Amino acid sequence: MNYSRYVTTLSQNRQGSLIREMTSLLTNASPELVFMAGGLPNPHMFPFQAASVTLKDGRALTLHPKLMTDCLQYGPTPGYPPLVKQLKDLTQKLHSPPCWSDTELIVTAGSQDGLCKAIEMMINPGDYFVTQEPCYTGTLSILNPYKPCYLTVSSDHEGMRPEALREALAQWRPEDVKDSDGNVPKVLYINPNACNPTGVSLTEERRREIYRIASDYNLIILEDDPYYFVQFGDMKDFPPSFLSMDIEGRVLRFDSFSKVLSSGIRVGYVTGPKPLIQRVLLHMQVSILHAPSVSQVLVSELLKTWGEEGFFNHTHSVQEFYLKQRNAMVAAAEKHLTGLCEWAVPTGGMFLWLKLPNVPDTWDMILKRALKKNIVLVPGRAFMCDSSKPCNYMRAAFSIVTPDQMDTGFKNLAELIHEEMQR
Ligand code: PMP
């Protein structure tokens, strides 16, 4: 593929940082190397000596002085090498990317960081951007300052509708746009599993059809998948990722440990075609330099201590927890909101997406009146590309509330909706 058509002038203008490139020479350097480049602070002057982190299963991660130095020192931009290797192994196991030898993986400060840099790499102000709607607010917040021309694709209980994607693109003929360097659709954003905010996942059939359409129109697919491990069901039945079906090198996949290990630890990773990953890397070289070393070492040591089986046991327990939470929230919704709201039962993640057929817009109801009923939810407009239009949806998170709170919260919400219907 010719990747230059996807890369903005700003991104093309980025040059590698000499000092950053030199720092990478320290990885696996021979003891004879006299490294006088780079302003690496002397770790002897750092006040931290060693650390031990106790896991909930009782085991301890011991960060002895050498590991502690890895935690505290500048590291290579693509990530802490042992972690990069572990993540590559995991990605190969879970997704077997067909173009693996042309694929690169780098660690980012959460997937938001990777998304933000990938979008900056590919979008100029006013460019087209094809996205599922509703769409994760964090992505819209990155995009809105570019004032893009959104091509929105509706979704239902099985995720983005491929026929709606074809309709959104129907004003162009594939042969007219696929090699064009002009302002034509080039990027498709999709959150395939346990979508934020709808809570539903794309079926395998739809994924294959969407990939075909992306191929016809030569679109890069931004596969934002932080809820991969929070899908409800057996891992062996998870639908294939876009990365796993990417025979043409058109997928940039964003993974995150936020939902399964820690969100504050800020570790995510981006996998995709080398020429595009290289551009994201150049941006990192001048912004965060690399994802935090302490976090990367901690995740790496955790994965090492657990091994693959231990990691999957953990992700399974995370799934089971959120499944129970989902069941409790759906039960509370059935009890209090039947007839007032409609919803699809989430297939993963942390959110219930509620439609209010009798309330034309939830914005004022939520932002001006819900707090008086002691409840806070997110109004649907926050997930719409044009947030000025009325939207009769809202998002309820079942991640941190207890079943009792869900019951009280939805009882209060029902009262609020009744009052709203009288207005
Ligand atoms: N994408 C989606 C769809 C999300 O829901 C989130 C977190 N809310 C992110 C990306 C960002 O996650 P991270 O913490 O890895 O930056």
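For the structure given in this document, a descriptive report is provided here. (Residues numbered from 1 in each chain as written. Predicted model: local features only at pLDDT ≥ 70, side-chain atom pairs only at ≥ 80, totals over all residues. Heavy atoms only, no water.)

Re helix H9 (residues 204-216)
Now for step 1: When the terminal C-alpha atoms of H9 are compared, their 18 Å separation across 13 residues agrees well with the 18 Å that a helix rising 1.5 Å per residue should span.
Now for step 2: Taken as a whole, H9 has its buried residues at Arg 206, Arg 207, Ile 210, Tyr 211, Ile 213, Ala 214 and Ser 215.
Now for step 3: Contact partners of the buried residues in H9: strand S5 (149-156), strand S6 (159-160), helix H7 (162-169), strand S7 (187-190), strand S8 (220-224) and strand S9 (251-256).
Now for step 4: Asn 218 occupies a position one or two residues after H9 and carries a positive phi of about 60 degrees. (Helix = DSSP H or I, 4+ residues; strand = E, 2+ residues; numbered from the N terminus. Expected span 1.5 Å × (residues − 1). Buried < 20%, exposed > 50% of the residue type's maximum accessible area, 1.4 Å probe, protein only. Contact = heavy atoms within 4.5 Å.)

Some thoughts on the environment of Tyr 128
Now for step 1: Assignment of secondary structure puts Tyr 128 in strand S4 (residues 128-133).
Now for step 2: Separated by 127 residues in the primary sequence, Tyr 128 and Met 1 have C-alpha atoms spaced 20 Å apart.
Now for step 3: Every residue in contact with Tyr 128, bar those within four places of it in the chain, is listed here: Ile 123, Cys 149, Leu 151, Trp 172, Asn 183, Val 184 and Pro 185.

Structural notes on helix H13 (residues 403-422)
Now for step 1: Across its 20 residues, H13 extends 29 Å between first and last C-alpha, which sits within 8% of the 28 Å expected from 1.5 Å per residue.
Now for step 2: Looking at the packing, one finds that the buried side of H13 touches helix H11 (293-337), strand S11 (351-355), helix H12 (363-370) and strand S13 (393-397).

Focus: the sheet that holds strand S10 (residues 268-273)
Now for step 1: Judged by pairing direction, the sheet is mixed, and its 8 strands sit side by side in the order S3-S10-S9-S8-S7-S4-S5-S6 without closing on themselves. Strands with a single pairing partner mark the edges of an open sheet, and in this sheet they are strand S3 (103-108) and S6.
Now for step 2: Bridge count between S4 and S5: 6 bridges; the pairing is parallel. Directly across from Val 130, in S5, lies its bridge partner Leu 151.
Now for step 3: Against the sheet, helix H4 (residues 81-95) makes contact with S3, S9 and S10, and its axis sits at roughly 125 degrees relative to S3, the strand it touches most.
Now for step 4: Those strands touched by helix H10 (residues 274-286) are S3, S8, S9 and S10, and its axis lies near 25 degrees from that of S3. (Pairing = 2+ DSSP bridges. Axes fitted to C-alpha atoms, helices over the stretch in contact; angles between N-to-C directions.)

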